[in-house]
Amino acid sequence: MTVLVTGATGVVGRAVVNALREAGREVRALSRDPGRAAVVLGPGTAIVKGDLGDRDSLRAAVRGVDGVFLVSAAEHKPAHDRNLGTAAAAAGVDHVVALSSFAASEGDGSVLGRWHLEGERVVAESGVGWTVLRPNGFMSNALGWAAGVRAGLVRAPLPDAVSVPIDPRDIAAAAVAAFAAPPAGEVHVLTGPERLTTMEQVGRIAAVIGREVRFEEVPLAEARAALARRYPAEVADAVLAARVSAGAERGVPTGTVRALTGRPPVTFTQWVRDHTEAFGGIVSAANA
Ligand SMILES: NC(=O)c1ccc[n+]([C@@H]2O[C@H](COP(=O)([O-])OP(=O)(O)OC[C@H]3O[C@@H](n4cnc5c(N)ncnc54)[C@H](OP(=O)(O)O)[C@@H]3O)[C@@H](O)[C@H]2O)c1
């Protein structure tokens, strides 16, 4: 089986490329910049140049593949997922495994939920076999605090916001499991093993690296301004709104990773141990 992975140079796509190769699948990585992708993914990865906004490039990219792992930016989902679904269906691709978000489970009341639901819908309507993965917040988002952790002070909004963060490697393992079965049009809500507030996550990081890390709450207006420096205004608002409305569903571990992969999801503490150096900690037998 050959699988085209979009977003292959990103957080989840990179983990999916690795997991598929370990499972013995042929992988083709899509990138807008194959030269940079070759550096990110290392030698031996087949890379195809393509853009989810460019239908011609997608027609060429899906030629001869059996499966597609689809990652697209939330704000482009409806258009980009339709482009990919159309190209995949025309090429006779068997199975598209699409990365969605917990935001879709919370309905179309939020912009983020609407974009993801629309992306799911256009993939399902493309006529190709599909599976949707709706992960909770990624544990890797905590790397955004790395500089603060190293300096002993993390500043973040919403200290009590709850999530059930998931290791991107578990999303990848779920994707590999999905490709191993015929597509059944299923939606899997993926979470990590435990519910944690923002402040609890920072406390876990401090405990693993063995240093004191203070926490300072950032007012929402400042958090929005920081997001708006990184994202278009609409995306900044959507991301912040999703964090503010941390709902009950997001606070419940689902058990889906274990059901799909046969093993429990990685704990946040283990994820931090695996990224100790990024937080300025020392890798030792105690945190290996
Ligand atoms: N962060 C969270 O907690 C969270 C939780 C649930 C769901 N999500 C969803 O996860 C998705 C993002 O995944 P990620 O964090 O793994 O991505 P990421 O690390 O932000 O990387 C983005 C990837 O998308 C590719 N890309 C961007 N624009 C493209 C285009 N026009 N055509 C083709 N490729 C394009 C980039 O590849 P090149 O630059 O190589 O082309 C890159 O590999 C979003 O839909 C987000 O809503 C995130």
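Residues numbered from 1 in each chain as written. Predicted model: local features only at pLDDT ≥ 70, side-chain atom pairs only at ≥ 80, totals over all residues. Heavy atoms only, no water.

Sorry, what's going on with the packing of aromatic side chains here?
The relation between two aromatic rings is expressed through the spacing of the ring centres and the mutual angle of the planes. This structure, assessed with the given rule, holds two aromatic pairs. Ring centres 5.8 Å apart and planes at 25° place the aromatic pair phenylalanine 268 and tryptophan 271 in the stacked group. Of this pair, phenylalanine 268 and tryptophan 271 both sit in helix 13 (residues 268–274), three residues apart, which is roughly one turn of the helix. With respect to burial, phenylalanine 268 and tryptophan 271 carry one shared label: buried. Summarising the aromatic geometry, the rings of tryptophan 271 and phenylalanine 279 are spaced 6.0 Å apart at their centres and angled 70° between planes, so their arrangement reads as edge-to-face. On the basis of relative accessibility, which here comes to 1%, the residue tryptophan 271 falls in the buried class. By the ring-pair criterion, three or more aromatic residues cluster together here, those being Phe268, Trp271 and Phe279. (Phe/Tyr/Trp six-rings, centres within 6.5 Å; stacked < 30°, edge-to-face > 60°. Helix = DSSP H or I, 4+ residues; strand = E, 2+ residues; numbered from the N terminus. Buried < 20%, exposed > 50% of the residue type's maximum accessible area, 1.4 Å probe, protein only.)

Looking at this structure, how should I read the pairing of strand 6 (residues 129–135)?
Working note: regular strand, side chains alternate between the two faces of the sheet. With six of its seven residues buried, strand 6 lies for the most part within the structure. Across five bridges, strand 5 (residues 95–99) lies against strand 6 in parallel orientation. Looking at the pairing, histidine 95 lines up with glycine 129 of strand 6. (Pairing = 2+ DSSP bridges.)

Just to check I follow, could you spell out the packing of helix 4 (residues 77–91) against helix 6 (residues 111–125) for this structure?
In a packed pair of helices, the relevant descriptors are the angle between the two axes and the axis-to-axis distance. Between helix 4 and helix 6, whose axes approach to 8 Å, the crossing angle comes to 15°. In terms of axis orientation, helix 4 runs roughly parallel to helix 6. Pair helix 4 / helix 6 crosses with right-handed handedness. Facing helix 4, whose interface residues are Lys77, Pro78, Asp81 and Arg82, helix 6 presents Trp115, His116, Glu118, Gly119, Arg121, Val122 and Val123. (Axes fitted to C-alpha atoms, helices over the stretch in contact; angles between N-to-C directions. Parallel < 35°, antiparallel > 145°, perpendicular 65-115°, else oblique. Left-handed = near helix turned anticlockwise from the far one by under 90°. Contact = heavy atoms within 4.5 Å.)

So what exactly am I meant to see when it comes to the UniProt feature "domain: NmrA-like" (unreviewed entry) in the chain here?
Mapped onto this numbering, the UniProt entry gives "domain: NmrA-like" (unreviewed entry) at residues 2–237. The distance separating the terminal C-alpha atoms of residues 2–237 is 38 Å; by composition the span is 45% helix and 20% strand. (UniProt positions renumbered as here; feature names shortened; annotations may be inferred.)

In this structure, what is going on with the site of the ligand? I would like to understand it.
Inspection of the region around the ligand gives 26 residues, with Thr9, Ser31, Arg32, Ser72 and Asn141 positioned closest. Within the side chain of threonine 9, a nitrogen or oxygen atom sits 2.7 Å from an oxygen atom of the ligand. Here arginine 32 contributes a backbone N or O atom positioned 2.8 Å from an oxygen atom of the ligand. Burial of the ligand by the protein amounts to 78% of the accessible area it has alone, namely 920 Å². Only helix 1 (11–22), strand 2 (26–31) and helix 4 provide two or more residues apiece to the shell around the ligand. (Near = heavy atom within 4 Å. Polar contact = N/O pair within 3.5 Å; in protein donor to acceptor, adjacent residues only side chain to side chain. Areas by Shrake-Rupley, 256 points an atom, 1.4 Å probe, with all protein chains shown as cover.)

Looking at this structure, how should I read the sheet that holds strand 6?
Neighbouring strands of a sheet are bound in pairs by backbone hydrogen bonds; such pairs are parallel or else antiparallel. Taken in spatial order, the seven strands make up an open sheet running 3-2-1-4-5-6-9, and their pairing is parallel. The open sheet has two edge strands with one neighbour each: strand 3 (46–49) and strand 9 (186–190). Sheet twist, expressed as the mean angle between neighbouring strand axes with direction ignored, is 20°. Of the pairings in the sheet, the one linking strand 1 (residues 2–5) to strand 4 (residues 67–70) comprises three bridges and is parallel in character. In the sheet register, valine 5 faces strand 4, and the bridge partner there is phenylalanine 69. The strands touched by helix 2 (residues 34–41) are strand 2 and strand 3; relative to strand 3, the strand with the most contacts, the crossing angle is about 155°.

I'm lost on unusual backbone geometry in this one. Help?
Most of the time, phi is negative for any residue but glycine, and the peptide bond is trans. Positioned with a positive phi, leucine 158 is a non-glycine residue whose angle comes to about 50°. Looking at the element boundaries, leucine 158 is found in the loop between strand 7 (153–156) and strand 8 (162–163).

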